[in-house]
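Report on the structure
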Amino acid sequence: NKLCVNTQIEDGAFKGLSNIKNLDIGNMNINSLEFLSRESNLNSLVFLDLKYNKIDTINKDSFKNLQNLERLSFCSNQVEEIQPCSFKNMPKLVYL
């Protein structure tokens, strides 16, 4: 299965992966985090690697389903805007 089409992750790409702890989708030319707010089955995720993509905006709903995330890496992106409260739903986050 292709995960990326036109620099975006397709809906349902992570279906059936509800127990996944680590996800590396770095260097995949992703420009939007909208897919994360629609993926309700990634709530077991502890580490998310988004390095070397083309993410420019982090909105308040980007990480709303990632309550157990402890480590988030999104260095080497093109972040220009981080909306207020973007990380409020991640009480376990210790590394950014």
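Up top you'll find the structure we're talking about.
Residues numbered from 1 in each chain as written. Predicted model: local features only at pLDDT ≥ 70, side-chain atom pairs only at ≥ 80, totals over all residues. Heavy atoms only, no water.

**Side note on the side chain of S62**
Secondary-structure assignment places S62 in the loop between β5 (57-58) and β6 (71-73). The residues touching S62, leaving out its near neighbours within four places in the chain, are L33, L36 and S37. (Helix = DSSP H or I, 4+ residues; strand = E, 2+ residues; numbered from the N terminus. Contact = heavy atoms within 4.5 Å.)

**Quick notes on the pattern of salt bridges**
What the rule picks out here adds up to 2 salt bridges. The shortest N-O distance in the salt bridge between R38 and E34 comes to 3.6 Å. Remark: E34 and R38 occur in helix α1 (residues 34-38); sequence separation between them is 4 residues, near one turn of the helix. Residue R38 is classed as partly exposed on the basis of its relative accessible area, which comes to 41%. (Salt bridge = Lys/Arg side-chain N within 4 Å of Asp/Glu carboxyl O. Buried < 20%, exposed > 50% of the residue type's maximum accessible area, 1.4 Å probe, protein only.)

**Quick word on the environment of Y95**
The residue Y95 is located in the segment after β7 (81-82) in this model. Of the residues examined, Y95 reaches a relative accessible area of 38% and is grouped as partly exposed. Each C-alpha atom, one on Y95 and one on F47, is 9.4 Å from the other, the two residues being 48 residues apart in sequence. In contact with Y95, not counting residues within four places along its chain, are E70, R71 and L72.

**Focus: the nonpolar core**
L48, L50, F63 and L66 are the most contacted members of the largest nonpolar core, which totals 20 residues. With sequence-adjacent residues up to four places away left out, L48 is seen in contact with L23, I25, L36, F63, L66, L69, R71, L72 and S73. (Core = buried A, V, L, I, M, F, W, Y, C linked by side-chain atoms within 4.5 Å.)

**Section: the packing of aromatic side chains**
The geometry of an aromatic ring pair is captured by the separation of the ring centres together with the interplanar angle, meaning the angle of the planes. Tallying each qualifying case throughout the model produces 2 aromatic pairs. Here the aromatic rings of F14 and F35 are separated by 6.2 Å at their centres, their planes lie at 35°, and the arrangement is tilted. Here the residue F14 occupies a position in the loop between β2 (8-9) and β3 (22-24), and F35 occupies one in helix α1, the gap between them amounting to 21 residues. What makes F14 buried here is its relative accessible area of 2%. (Phe/Tyr/Trp six-rings, centres within 6.5 Å; stacked < 30°, edge-to-face > 60°.)

The quantities given are spatial measurements derived from coordinates; they are silent on function.
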